[in-house]
Amino acid sequence: MIGRAAARPRAQIVGMGLIGGSLGLALRDRGWIVTGRDAQESRAERALEMGALDLVGSDPDADLTFVAVPVSSIADEVRRALDETTGLVTDVGSVKASVTAAIDDPRFIGGHPMAGSEREGVDGSDASLFTGAVWVLTPTATTDNTAFTQVRGVVSQLGAEVVSLTPTDHDALVAIVSHVPHLTAATLMVLADARSSDQRALLRLAAGGFRDMTRVASGHPGIWPDICAENREAIVDVLDELIDRLGSVRELVASDDADKLVTHLERARTARMNLPMRFGRPTRLVEILVPVADETGALAPIVTLATELDVNIWNLELSHSAEGHAGVLHLVVEEKRADELRAALVDLGHAASSRRLV
């Protein structure tokens, strides 16, 4: 049990880069004992010097292991952590379907913090990196209910907003909001660089919007071949659609169709302005109680349904029945979205009820 009263919780981090180092700092700030290792021992030693680790190496008593290695190596490291510890295991990779398909263990919960920095490596580590960030968890039919609840609790303690998605949905959505934008920014930057050899003033003009738009191109290129290989299908699909839409814009410009061009730009402007902002905790909350079978995978469809409905779960607890094989899932959500979620759960066959929290 993570966070048991008798002892400080223990974490193990595999991979001491920016995310691994930031996890170490954030967990130690919250009282965890943190052990970590890296394929390059010097990185782990540097993390120790920076205060991101208590010890370098492996911890067989770890309550929770975070695997923060390149996506092509995640499955192997998850298996090793499951073999060497009795605790829970999660990862931080930006591709989920291939990993969850390779790992069929109720103690593993796929994860992906949508956080980063222009600084690279463990030296860029920041204990506040996850504060206010979205952290995706991808429970499946083999996920242990208590394991999911505990990992979600730890992630929430790090200051992140937890979103639950299926692995396939995660990969499709991240291709749109992360992978293809990075490739697009990199391509624009290469285009500008190529033109700059003939027009030396070009890069001097590349400030403001261009700099903002291509900022992500400054990220470490070494991680992207693995990402593109592991999420190839979703990335290619989005690239094809982007190319098609750029072709349509080209025709609007070439044909001097001002009305349709303005309509296109207005749609983009409206969509951009309607992007969700991060808000503080609402003051009017409702607790939805959902009786659930105490069996593996019972929580996955419930928490992913909340995401599909765009209902933020502010708190989640699972209470087990002293008798039988049932429990009650407690979901705390904003009052104005509670009826919609409760009705959807009833439609799924759950005897969901709700009560206002004072």
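Residue positions are counted from 1 within each chain, in the order its sequence is given. For a predicted model such as this one, the threshold for reporting local features is a pLDDT of at least 70, and the threshold for listing and counting side-chain atom pairs is 80 or more; totals across whole chains, interfaces and linings nevertheless cover every residue. Only hydrogens and water are set aside; all other atoms, that is, all heavy atoms of the structure, feed into the side-chain values.

Enquirer: Can you tell me about the sheet that holds strand 1 (residues 10–14), naming the residues and giving the values?
Expert: Pairing between strands is defined by DSSP: at least two bridges between them are needed. Working definition: helices are DSSP H or I runs of at least four residues, strands are E runs of at least two. Numbering for both runs from the N terminus. Here we have eight strands laid out as an open sheet, ordered 3-2-1-4-5-6-7-8, and mixed in their pairing. Two strands close off the open sheet at either side, each with one partner strand: strand 3 (55–56) and strand 8 (161–164). In the sheet, strand 1 pairs with strand 2 (residues 33–37) via five bridges, with the strands oriented parallel. Bridge pairing links Ile13 to Gly36 in strand 2.

Enquirer: Explain helix 6 (residues 167–196) residue by residue, including any values.
Expert: Spacing of three or four residues puts side chains on the same side of an α-helix, whose turn is 3.6 residues. Here the expected length of a helix is defined as 1.5 Å per residue gap, with one fewer gap than residues. Taking 1.5 Å of rise per residue, the 30 residues of helix 6 would be expected to cover 44 Å, and the 41 Å separating its terminal C-alpha atoms lies within 8% of that figure. Its maximal kink placed at Ala175, helix 6 deviates by approximately 55°. Those residues of helix 6 not exposed but buried are Pro167, His170, Asp171, Val174, Ala175, His179, Val180, His182, Ala185, Ala192 and Ser196. Here the bend at a residue means the angle between the axes of two seven-residue stretches, the one that ends at it and the one that starts at it. Three exposure classes are used, based on accessible area relative to the maximum for each residue type with a 1.4 Å probe and protein chains only: buried under 20%, partly exposed in between, and exposed over 50%.

Enquirer: Help me get a handle on the side chain of Asp59, residues and values and all.
Expert: Within the fold, Asp59 resides in the loop between strand 3 and strand 4 (64–67). Polar contacts here mean pairs of N or O atoms no more than 3.5 Å apart (in protein, one a potential hydrogen donor and the other a potential acceptor; neighbouring residues in sequence count only if both atoms are side-chain atoms). Of note is the side chain of Asp59, whose polar atom sits 2.9 Å from the backbone nitrogen of Asp61. Look past the residues within four positions of Asp59 in its chain and what remains in contact with it is Arg10, Gln12, Thr35 and Thr85. Note on definitions: a residue-residue contact is assigned when non-hydrogen atoms from the two residues lie within 4.5 Å.

Enquirer: Give a detailed account of the packing of aromatic side chains, specifying residues and quantitative values.
Expert: Pairing of aromatic rings covers Phe, Tyr and Trp, the last through its six-membered ring, and needs centres within 6.5 Å; plane angles under 30 degrees mean stacked, over 60 mean edge-to-face, and all others mean tilted. Enumeration according to the criterion identifies two aromatic pairs in this entry. Ring geometry for Phe130 versus Trp135: centroids 5.2 Å apart, planes at 50°, classification tilted. In this structure Phe130 comes out as buried when scored by relative accessible area, which is 1%. You can call Trp135 buried: its relative accessible area is 1%. Within the aromatic cluster, the residues linked to one another by ring pairs are Phe66, Phe130 and Trp135.

Enquirer: Talk me through unusual backbone geometry; I want residue IDs and the actual numbers.
Expert: Comment: phi is negative for the bulk of residues other than glycine, and the bulk of peptide bonds are trans. Of note in the backbone geometry, Asp256 takes a positive phi value of approximately 55° without being a glycine. Considering the arrangement of structural elements, one finds Asp256 in the loop between helix 10 (232–254) and helix 11 (258–273). Residue class for Asp256 comes out exposed when judged on its relative accessible area of 66%. Backbone geometry places Asp310, a non-glycine residue, at a positive phi of 60°. Locating Asp310 in the fold gives a position in the loop between helix 12 (300–308) and strand 10 (313–320).

Enquirer: Let's hear about the sheet that holds strand 12 (residues 353–357): which residues, and what values?
Expert: Strand order in the open sheet made by the four strands is 10-11-9-12, with antiparallel pairing throughout. The strands lining the two open edges of the sheet, one partner per strand, are strand 10 and strand 12. Between one strand axis and the next, the sheet turns by 25° as a mean value, whatever way the strands run. Pairing analysis gives seven bridges linking strand 10 to strand 11 (residues 326–334), with the strands arranged antiparallel. The residue of strand 11 that forms the bridge with Leu316 is Leu331. Under this scheme, a helix contributes an axis fitted over its contacting stretch, all axes are lines through C-alpha atoms, and angles between N-to-C directions fall in the 0 to 180 degree range. Its contacts with the sheet place helix 5 (residues 145–157) against strand 9 (285–293) and strand 10, and it is angled at close to 145° to strand 10.

Enquirer: Before we move on, can you summarise a nonpolar patch on the surface with the specific residues and values?
Expert: A contiguous nonpolar patch, built from Met114, Leu173, Ile176 and Val177 and spanning about 350 Å² of accessible area, is present on the exposed surface. Of all the elements, helix 6 adds the most residues to the nonpolar patch, at three residues. Among the structural elements, Ile176 can be located in helix 6. Ile176 sits in the partly exposed class, given a relative accessible area of 49%. Patch definition: residues with relative accessible area over 30% and no salt bridge; like charges joined within 9 Å; nonpolar side chains (Val, Leu, Ile, Met, Phe, Trp, Tyr) joined within 5 Å. Where accessible areas are quoted, they stem from the Shrake-Rupley method and a 1.4 Å probe; at the residue level, only the protein chains shown are allowed to cover. Criterion for a salt bridge: a side-chain nitrogen of Lys or Arg within 4 Å of a carboxyl oxygen of Asp or Glu.

Enquirer: Break down the packing of helix 12 against helix 13 (residues 335–347) for me, citing the residues and quoting the values.
Expert: Across the interface, helix 12 lies against helix 13 with an axial gap of 11 Å and an inter-helix angle of 135°. Considering their axes alone, helix 12 and helix 13 lie oblique with respect to each other. Where helix 12 crosses over helix 13, the two elements pack in a sense that is right-handed. Counted together, Ile302, Leu305 and Ala306 of helix 12 and Leu341, Ala344 and Leu345 of helix 13 form the full contact between these two elements. Relative orientations are named as follows: roughly parallel for angles under 35 degrees, roughly antiparallel for angles over 145 degrees, roughly perpendicular for angles from 65 to 115 degrees, and oblique for any other angle. Helix crossings are classified by the rotation of the near helix relative to the far one: an anticlockwise turn of less than a right angle makes the crossing left-handed, while a clockwise turn makes it right-handed.

Enquirer: Mind laying out a negative patch on the surface, listing which residues take part and the relevant values?
Expert: Taken together, the side chains of Glu233, Asp237, Asp240 and Asp244 present a region of like negative charge at the surface. Among the structural elements, Asp237 can be located in helix 10. Asp and Glu are treated as the negative residues and Lys and Arg as the positive ones, with His and the ends of the chain left uncounted. Charge coordinates come from a single atom per side chain, which is NZ of Lys, CZ of Arg, CG of Asp or CD of Glu.

Enquirer: Lay out the pattern of salt bridges in plain terms, naming residues and giving numbers.
Expert: In total, this model carries 17 salt bridges according to the counting rule given. For Asp54, the salt bridge identified is with Arg28, shortest N-O distance 2.9 Å. Of the two residues, Asp54 sits in the loop between helix 2 (41–50) and strand 3 while Arg28 sits in helix 1 (residues 18–29), which places them 26 residues apart along the sequence. Using a relative accessible area of 27% as the deciding quantity, one classes Asp54 as partly exposed. A salt bridge links Asp76 to Arg79, with the shortest nitrogen-to-oxygen separation between them at 3.0 Å. Placement of the pair is Asp76 and Arg79 together in helix 3 (residues 74–84), with a separation of three residues, close to one helical turn. Take Asp76: its relative accessible area is 54%, and that puts it in the exposed class. Counted as one network, the salt bridges with shared partners bring together Arg46, Glu49 and Asp123.

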